[in-house]
Amino acid sequence: MGRKTCHNTAMLGPATKRLFETRKHVLHLYSSLKGLRRRQSSSSSMAPLLFPNVPSAVRIVEVGPRDGLQNEKAIIPTDVKVELINRLSAAGLQTIEVTAFVSKKWVPQMGDNKEVLTRIIKRPGVAYPVLTPNAKGFEDAVAAGAMEVSVFGAASEAFSQKNINCSIAESLHRFRPVAAAAKSRGLKMRGYVSCVLGCPYQGAIAPEKVAEVAKALYDMGCYEISLGDTIGAGTPGSTRAMLLATKACIPAKHLAVHFHDTYGQALANILTALQEGIAVVDASVAGLGGCPYAMGASGNVATEDVVYMLNGMGVDTGIDLNALAQAGQFISAACGRETQSKTGRVVLGKLT
């Protein structure tokens, strides 16, 4: 005789009843997913069913060409940078941080900023922001055709001094002319806050301090504030605490997150941010990057790894993972090493 299934949960013990209800829930979820796949196209999102508090779509801000490459000791040829950005555009990235209009003396890798910005193929619907830390950088960027700019502050006094040679208050004062000029020209401005989850010189950073600096940038006119874990020391717990403090004064739709993967926590922290309603994530193709002013900080989280995770969650990014992995392989070869993206390596292995 076959087994009989008991459907009267009143006759079951407490532990067995919980197991029975869990089984019912799992079977219902599995049935719902099968039906969803039959009814919807592959581009439709399963995120609301699997992760009800997570955005159904996420915009990835690709920071590899600027934040990723600025830490490379060997100067990457301009042709390679232009080709990388064009490949990233073709892969479906909606926002690509192209370069930085900074002193060539301090950041030699960005010395070809004008050439890079003017030579890339600018696709409709794709934003190509550039970093402009001061008024001179802003004017140079505008002259080269920039349509979106970024400013870069810190939640740590010590890091601000090491990175841009001034206090947090002084840095914000420097940014105000840039913000005013951007507004007068109708250009969008993005703000970065570094060291939101720890500083290599100062240690732990209070969430309230992050919120204070982020709010100052928001009030200045930044349409979006990217919260950066510069040394990759954050965990899901510290990430949530920081986001709760920042969301208390800035709507989640105006926030982005930027994680380094020093302790292997980046994807977990991104998932935590998504559950807090954050729908913009910075990432770097092939895991390029680090920080010249943060000793021990490893590269940014790899864009390929983030896209793979989001695909598996049913969250739409609009990015072609195969093309993205190939772009990562291209720039990694130019840097003389293998891609740092685990997903990239697997995808490339399947393509060969």
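Observations regarding the pairing of strand β8 (residues 255-259)
When you tally the buried positions in β8, you get 5 out of 5 residues, the bulk of the element. Burial along β8 is two-sided: L255, V257 and F259 facing one way and A256 and H258 facing the other are all buried. Here strand β7 (residues 224-229) pairs with β8 via 5 bridges, running parallel. Bridge pairing in β8 places I225 opposite L255. Between the parallel elements β7 and β8, the chain passes through helix α10 (residues 236-247) in a crossover that is right-handed. Taken together, the 2 bridges between β8 and strand β9 (residues 280-283) define a ladder with parallel strand orientation. In the sheet register, V257 faces β9, and the bridge partner there is V281. Crossover handedness for the path β8 to helix α11 (residues 266-275) to β9: right-handed.

Structural notes on the pairing of β7
Most of β7 is tucked away, with 6 of its 6 residues classed as buried. Alternating positions in β7 separate into two faces, E224, S226 and G228 on one and I225, L227 and D229 on the other, with burial throughout. Here strand β6 (residues 188-194) pairs with β7 via 4 bridges, running parallel. Each bridged residue has a counterpart across the sheet, and for V193 the counterpart in β7 is L227. As a crossover connection, the stretch from β6 through helix α9 (residues 207-220) into β7 is right-handed.

Structural notes on the packing of aromatic side chains
A full pass over the atoms with the stated rule returns 2 aromatic pairs. The positively charged end of R87 is found above the aromatic ring belonging to F330, 4.4 Å away from the centroid. Its end group placed over the ring of Y223, K188 keeps NZ or CZ at 4.2 Å from the ring centre.

Remarks on the sheet that holds strand β3 (residues 99-100)
If you walk across this open sheet you meet the 9 strands as β2-β1-β9-β8-β7-β6-β5-β4-β3, and the pairing is parallel. Strands with a single pairing partner mark the edges of an open sheet, and in this sheet they are β2 (95-96) and β3. Two elements, β3 and strand β4 (residues 130-131), share 2 bridges in a ladder whose sense is parallel. Residue pairing across strands places A100 opposite L131, the latter belonging to β4. Sitting on the sheet, α9 touches β5 (148-154), β6 and β7, and the angle it makes with β6 is about 170°.

Things to note about the packing of α10 against α11
For any two helices packed against each other, one specifies the crossing angle of their axes together with the interaxial distance. Following both chains from N to C, one finds α10 and α11 inclined at 35°, their axes separated by 9 Å at the closest point. For the element pair α10 and α11, the recorded crossing hand is right-handed. Counting all contacts with α10, which are made through P236, T239, R240 and L243, the residues of α11 involved are A268, N269, T272, A273 and Q275. Here the contact of α10 with α11 is built from residues that sort into 4 nonpolar, 4 polar and 1 charged.

Quick look at the confidence of the model for the protein
For the protein, mean pLDDT is 89; residues scoring 70 or higher make up 84% of the total. Scored below 50 in pLDDT, residues 1-7 shows 3 contacts in the model against residues more than four places distant or in partner chains. Ignoring residues within four places in sequence, the model shows residues 36-44, a span with pLDDT below 50, making 6 contacts including any to other chains.

Brief notes about the nonpolar core
Counting 86 residues, the largest nonpolar core has L227 and I331 as the members making the most contacts within it. With 7 residues, the top contributor of residues to this core is helix α8 (residues 168-185). Residues contacting I331, with those up to four places away along its chain left out, are L69, I76, V80, L84, V285, A286 and L288. Of all hydrophobic cores here, the second largest spans 10 residues; its members include V63, M110, Y192 and A256.

Looking at the pattern of salt bridges
According to the stated counting rule, one finds 16 salt bridges in the structure shown. Here E72 ties to R337 by a salt bridge, and the two come within 2.4 Å at their closest N and O atoms. Here E72, found in the loop between α3 (64-68) and α4 (78-90), pairs with R337, found in the loop between α13 (321-335) and α14 (342-351); they are 265 residues apart in sequence, far enough to count as distant. In this structure R337 comes out as partly exposed when scored by relative accessible area, which is 33%. Of the charged contacts in the structure, one is a salt bridge between E338 and R345, with a shortest N-O distance of 3.8 Å. R345 sits in the partly exposed class, given a relative accessible area of 37%. One network of salt bridges, in which partners are shared, links R59, R190, E224 and D282.

A look at the side chain of Q109
Locating Q109 in the fold gives a position in the loop between β3 and α5 (113-119). For Q109, a relative accessible area of 2% puts it in the buried group. When residues no more than four places from it in sequence are discounted, the contact partners of Q109 are L69, Q70, E72, A74, I75, I76 and K81.

Rules used throughout
- Residues numbered from 1 in each chain as written.
- Predicted model: local features only at pLDDT ≥ 70, side-chain atom pairs only at ≥ 80, totals over all residues.
- Heavy atoms only, no water.
- Buried < 20%, exposed > 50% of the residue type's maximum accessible area, 1.4 Å probe, protein only.
- Helix = DSSP H or I, 4+ residues; strand = E, 2+ residues; numbered from the N terminus.
- Pairing = 2+ DSSP bridges.
- Right-handed = clockwise from strand over helix to strand, strands pointing away.
- Phe/Tyr/Trp six-rings, centres within 6.5 Å; stacked < 30°, edge-to-face > 60°.
- Lys NZ or Arg CZ within 6 Å of the ring centre and 35° of its normal.
- Contact = heavy atoms within 4.5 Å.
- Axes fitted to C-alpha atoms, helices over the stretch in contact; angles between N-to-C directions.
- Left-handed = near helix turned anticlockwise from the far one by under 90°.
- Nonpolar A, V, L, I, M, F, W, Y, C, P; charged D, E, K, R; others polar.
- pLDDT = per-residue confidence, 0-100.
- Core = buried A, V, L, I, M, F, W, Y, C linked by side-chain atoms within 4.5 Å.
- Salt bridge = Lys/Arg side-chain N within 4 Å of Asp/Glu carboxyl O.

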